[in-house]
Amino acid sequence: MPRPVSHVVKRPGRKPEDPDLEIPVAEDLAGVPGVPLIDADVSFYSRVEPLESQTIEKGADRDWVWTVYSDEMARYKQAHDERSKPLVQAAAESAGVAPTAAPEPGKDITEDIRRKCREMGFGEVGFTKYDRRYTYASKKGWAKFPHAICLALEQDYDQTQTIASMEAEYTHYGTYEVEGALGLELAAYIRSLGYRAQIHSPSDPSAAFIPMFVSAGLGQLGANGQLLSPHFGSRSRLMIVTTDAAVTYDKPVDYGFHKFCQVCQVCVNRCPGRALEKQKVIWRGVEKNKLIYDRCRPVMARYDGCGVCMKVCPVQKYGMKAVMEEYVETGEVLGKGTDDLEGYTLPGRGYFESGKLPHFDRDFFEFPHGRREDWLFQQFKDRLATDGAPTSEELTEFAQRVKTLLKTDPSELREE
Ligand code: SF4
Ligand code: SF4
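Since this is a predicted model, take the numbers as computed values, not measurements. (Residues numbered from 1 in each chain as written. Chains lettered and ligands numbered in written order. Predicted model: local features only at pLDDT ≥ 70, side-chain atom pairs only at ≥ 80, totals over all residues.)

Peer 1: Residues and numbers for the overall build of the protein chain, please.
Peer 2: Scanning the protein chain for helices and strands turns up 17 helices and twelve strands. What you see for the protein chain is a C-alpha radius of gyration of 22 Å, in line with the 22 Å of a compact globule of 416 residues. C-alpha extents for the protein chain along the principal axes are approximately 75 × 60 × 40 Å. Look at the contacts in the protein chain between residues 6 or more apart in sequence, and 75% of them connect residues 24 or more apart. (Helix = DSSP H or I, 4+ residues; strand = E, 2+ residues; numbered from the N terminus. Rg over C-alpha atoms; globule rule 2.2 N^0.38 Å. Contact = placed C-beta atoms within 7 Å.)

Encoded structure:
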């Protein structure tokens, strides 16, 4: 017998010409709009322990990954970084570019911007406050404008189903490149309406973006740590453009996924590194499933970016409407237990059907931790232990390398 429905969420279609989508949320999945959080705690942690980007906080392993990448991955990633450089640079300087027209007094331009973004190909577009509580410490003061336009660009369906593979990495990084270019086009459009715009590049983000996407009603946080949006789940790449334009904010939505993920758990069970926690915790004031970075990173680095947690998510594969309708009808998770949803291949390790996981030795999870300078100190200490006192030339070279690292402008260190 079908489950009682609490409410039906109505969202725009995937493309501008598509009909609206209606997503039924079962009564037993109804919760709060967005994510349960303790607002005062979010503020407290942002003041006392501000977030920092992976680029800086985990700099040591960002150098290390190049030592374990496959040749093809290293070549491709290097080429991607080169292609992204001008886009990242243009985004970094975008706040200073002046509007190209005078604004129309009193006009709210929310729907003009939304229409433009949808025409450009963004599948999800929402407006909210740029919440500085999620800004990275190294980017404090960089973000100039108060309003955030949250944008999700879908990545290719078929390529994503081949995770983990280089084919999937082509759409992962390729989507970032397209998105970076679209950011420039959108900023120019906003300036043509008389306002300023700043691009927060997906390749050099200023903040943890997902909380703002949730506030803008574009989805909810999944147990895989990714934004689950209605049409493509987490199969998208996120970017924010901030502006001083007069806009109206959207509201967070209860899609039922805060509770659904606890029923589903497919990503948790299928993660090769066992990096996803079954139970939710309160982390920096937000109730969520926490990802164990140290168990994810070695898998991602060695197996073409991994991404199994994206591939096996039914929302990514079937869309939110189909998943929620199935749950209302049967109480089941669409596709759960099938190889079609849960099976995956790890390059060099073979195929893992539903219920089967790879085994890794303990050494597999050893990798350098902390910032780049932390790793440098660790290497120095290891050397002292094995080779004894360094020469004065070696000491000078070490000091020089530390100085270079400490002087590097954090904004020159790009996100993955
Ligand atoms: S990327 Fe792979 S290892 Fe990391 S959390 Fe997802 S499934 Fe697990
Ligand atoms: S696989 Fe299931 S538990 Fe994981 S994010 Fe998707 S819906 Fe949530």
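Let's pick the thread back up.
Peer 1: For the site of ligand 1, give the residues involved together with the corresponding values.
Peer 2: Neighbouring ligand 1 are 13 residues, the closest being C271, C296, C306, V308 and C309. When contributions to the shell around ligand 1 are tallied by element, the ones reaching two or more residues are α11 (293–302) and α12 (308–311). When its residues are assigned to classes, the shell around ligand 1 shows eleven nonpolar, two polar and no charged. (Near = placed C-beta within 6 Å. Nonpolar A, V, L, I, M, F, W, Y, C, P; charged D, E, K, R; others polar.)

Peer 1: If you had to explain helix α14 (residues 320–330) to someone new, which residues and values would you point to?
Peer 2: Among all positions in α14, only M320, V323, M324, Y327 and V328 are buried. All buried residues of α14 project into a common sector of 130° when viewed along the axis, lining one side. Buried-residue contacts for α14 involve β1 (5–11), β2 (21–26), α9 (257–264) and α13 (314–318). The positive-phi residue at the C-terminal boundary of α14 is G331, with phi of around 80°. (Buried ≥ 20, exposed ≤ 12 C-beta atoms within 10 Å, placed from the backbone. Arc of directions from axis to C-beta.)

Peer 1: Explain the site of ligand 2 to me, and be specific about the residues and the numbers.
Peer 2: As a matter of local geometry, ligand 2 sits amid 14 residues, with G222, C261, C264, C267 and C313 nearest to it. Secondary structure elements with two or more residues in the shell around ligand 2: α9, α10 (266–270) and α13. For the shell around ligand 2, the element with the most residues is α9, which contributes three residues. Partitioned by chemical class, the residues of the shell around ligand 2 number eleven nonpolar, three polar and no charged.

Peer 1: Requested: an account of the environment of I113, with residues and values cited.
Peer 2: In this fold, I113 is placed in helix α5 (residues 110–120). As for I113 and E287, which are separated by 174 residues in sequence, their C-alpha atoms are 32 Å apart. Discounting chain neighbours no more than four positions away, the residues touching I113 are I149, I190 and V247.

Peer 1: I'd love a proper account of the environment of G348, names of residues and values included.
Peer 2: By the secondary structure assignment, G348 is in the loop between β11 (344–346) and β12 (350–352). For G348, a count of 9 C-beta atoms within 10 Å translates into the label exposed.

Peer 1: With reference to specific residues and values, describe the nonpolar core.
Peer 2: It is characteristic of soluble globular proteins that their nonpolar side chains tend to be buried jointly. Formed by 82 residues in total, the largest nonpolar core has its most connected members in L151 and F213. Ignoring sequence-local partners within four residues, the contact set of L151 consists of C117, F122, V125, M239, I240 and V241. (Core = buried A, V, L, I, M, F, W, Y, C linked by C-beta atoms within 7 Å.)

Peer 1: Provide a residue-level description of the packing of α5 against helix α7 (residues 166–192), including the pertinent values.
Peer 2: Each packed pair of helices is defined by two parameters, the angle between the axes and the distance between the axes. Running from N to C, α5 and α7 cross one another at 150°; their axes reach a closest spacing of 11 Å. Looking at the two axes, α5 sits roughly antiparallel to α7. Of the two possible hands of crossing, α5 and α7 adopt the one that is right-handed. Here I113, K116, C117 and M120 of α5 come into contact with α7, specifically with L182, E185, L186, Y189 and I190. Within the contact of α5 with α7, the residues separate by chemical class into seven nonpolar, no polar and two charged. (Axes fitted to C-alpha atoms, helices over the stretch in contact; angles between N-to-C directions. Parallel < 35°, antiparallel > 145°, perpendicular 65-115°, else oblique. Left-handed = near helix turned anticlockwise from the far one by under 90°.)

Peer 1: Which residues make up the sheet that holds strand β3 (residues 124–129), and what values do they have?
Peer 2: On the basis of which strands lie adjacent, the open sheet formed by four strands has the order β3-β4-β8-β5 and antiparallel pairing. Each edge of the sheet is formed by a strand with only one pairing partner; in this case those strands are β3 and β5 (197–200). On average, each strand axis in the sheet is inclined to that of its neighbour by 25°, with strand direction left out of account. As paired elements, β5 and strand β8 (residues 236–243) share four bridges and run antiparallel to each other. Looking at β8, one finds that Q198 is bridged to T242. Strands β3 and β4 (147–154) of the sheet are contacted by α5, whose axis makes an angle of about 145° with β3. (Pairing = 2+ DSSP bridges.)

Peer 1: A description of the domain arrangement of the protein chain should follow, citing residues and the corresponding values.
Peer 2: When the parts of a complex come together, some accessible area is lost, and that lost area is often used as the size of the interface. In terms of domains, the protein chain is made up of domain 1 (1–58 + 68–344) and domain 2 (372–406). Distance between the C-alpha centres of domain 1 and domain 2: 40 Å. (Domains from an automatic or database assignment.)

Peer 1: Tell me what's going on with unusual backbone geometry, and back it up with residues and numbers.
Peer 2: Cis peptide bonds are those with omega within 30 degrees of zero, and the linkage from I163 to A164 qualifies with 0°. Tracing the backbone shows A164 in the loop between α6 (157–160) and α7. Although it is not a glycine, Q265 sits at a positive phi angle of roughly 65°. You can call Q265 partly exposed: it has 16 C-beta atoms within 10 Å. Despite not being glycine, R274 has its phi angle at roughly 50°, a positive value. Here R274 is to be found in the loop between α10 and β9 (276–283). Under the C-beta neighbour-count criterion, R274 is labelled partly exposed, with 15 such atoms within 10 Å.

Peer 1: Give a detailed account of the packing of helix α4 (residues 71–92) against α7, specifying residues and quantitative values.
Peer 2: Where α4 meets α7, the closest approach of the two axes is 9 Å, and the angle between their N-to-C directions is 10°. As judged from the angle between their axes, α4 and α7 are roughly parallel. Facing α4, whose interface residues are E72, M73, Y76, H80, R83, S84, L87, A90 and A91, α7 presents M166, E169, Y173, Y176, E177, G180, A181, G183 and L184. Residues belonging to the contact of α4 with α7 are distributed by class as follows: ten nonpolar, four polar and four charged.

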